[in-house]
Amino acid sequence: MTTLDIRFVYFDLGNILLAFDSAIACRNVATLFGISFEQAEAAIYDSGLEDRFEHGELSPDEFAKSICATIGLSDAHPPPQKLLDTISDMFTPIASMVGVMDRVQCGGRGIGILSNTCHAHWNWIERQSYEVMRANLDAVVLSYEVGAMKPRTLIYEVAERAAGVPAEHILFIDDKPENVEAATERGWHAVQCFGGDEAIGVLREFGLLD
């Protein structure tokens, strides 16, 4: 493989740049409302509200109000932003990925993030001082903005247009096999891995890092 094959690299967000634990979000919400972990999990995830939020079907306020209603709170409840931050405070930067996107970009490639996420999580991440996120990104493609989640075709189509290069010149790293498979079917180079040594190893194999 030559370095000329890749002109743009898309990084998944969760488990590539930032580790996350949905159990932390459930515990946070359980504490906020004084309910059980199981009730919080049912309200956020089992209800399908998080999935709808990541698809862009609900605004932040609509999501927050729906969570409160599912829990059974009709009147007294925290401000929407408080709930959104409580649910989003579950990310941990993957330290070894700090500077990796910059290094790839310095080699003359475009870099971007392609992620299934919701407005609340992205807003939270943007407000943190995560060094791993300080790269000057060329493209950001997020499911809640597109209205489709990986591995749906639409989000890859949007990502290709944002990258501005033919599919065969894109590399994508993601932690989920089904997302990688969908990218490969479009003619992308795509590898399933996790952030840290695995991801750095993949980038080195493609000649994008020393």
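Asker: Help me understand the sheet that holds strand 1 (residues 8–11), please; the structure alone is not making it clear to me.
Answerer: Backbone hydrogen bonds are what pair the strands of a sheet, in a parallel or an antiparallel way. The strand order across the open sheet formed by 5 strands is 5-4-1-6-7, and the pairing between neighbours is parallel. Two strands lie at the open edges of the sheet, namely strand 5 (139–142) and strand 7 (189–192), each paired on one side alone. Adjacent strand axes in the sheet meet at a mean angle of 15°, parallel and antiparallel pairs treated alike. Inspection of the sheet shows strand 4 (residues 110–115) paired to strand 5 by 4 bridges, in the parallel sense. If you follow I113 over to strand 5, its bridge partner there is V140. With respect to the sheet, helix 10 (residues 177–185) is in contact with strand 6 (170–174) and strand 7, its orientation differing from that of strand 7 by roughly 170°.

Asker: Which parts of the structure should I look at to understand unusual backbone geometry?
Answerer: The phi torsion of most residues other than glycine is negative, and most of the peptide bonds are trans. Note that the residue after K150, namely P151, is joined by a cis bond; omega there is 10°. Backbone geometry at N15 places phi at a positive 70°, although glycine is not the residue there.

Asker: Before we go on, may I ask you to explain the pairing of strand 4 in this structure?
Answerer: With respect to burial, strand 4 is a largely interior element, 6 of its 6 residues being buried. Going residue by residue along strand 4, you find G110, G112 and L114 tucked away on one face and I111, I113 and S115 tucked away on the opposite face as well. In terms of handedness, the path from strand 4 via helix 7 (residues 119–127) over to strand 5 forms a crossover that is right-handed.

Asker: What should I look at first to understand the packing of helix 1 (residues 22–33) against helix 2 (residues 37–46) in this one?
Answerer: To characterise two packed helices, one gives the angle between the axes of the helices and the distance between these axes. Between helix 1 and helix 2, whose axes approach to 8 Å, the crossing angle comes to 110°. Classified by the angle their axes make, helix 1 and helix 2 are roughly perpendicular. Note that helix 1 runs across helix 2; the crossing there is right-handed. Where helix 1 approaches helix 2, its residues S22, A23, A25, C26, R27, V29 and A30 are matched on the opposing element by F37, A40, E41, I44 and Y45.

Scoring rules and cut-offs
- Residues numbered from 1 in each chain as written.
- Predicted model: local features only at pLDDT ≥ 70, side-chain atom pairs only at ≥ 80, totals over all residues.
- Heavy atoms only, no water.
- Pairing = 2+ DSSP bridges.
- Helix = DSSP H or I, 4+ residues; strand = E, 2+ residues; numbered from the N terminus.
- Axes fitted to C-alpha atoms, helices over the stretch in contact; angles between N-to-C directions.
- Contact = heavy atoms within 4.5 Å.
- Buried < 20%, exposed > 50% of the residue type's maximum accessible area, 1.4 Å probe, protein only.
- Right-handed = clockwise from strand over helix to strand, strands pointing away.
- Parallel < 35°, antiparallel > 145°, perpendicular 65-115°, else oblique.
- Left-handed = near helix turned anticlockwise from the far one by under 90°.

So yeah, pure geometry; function would need other evidence.
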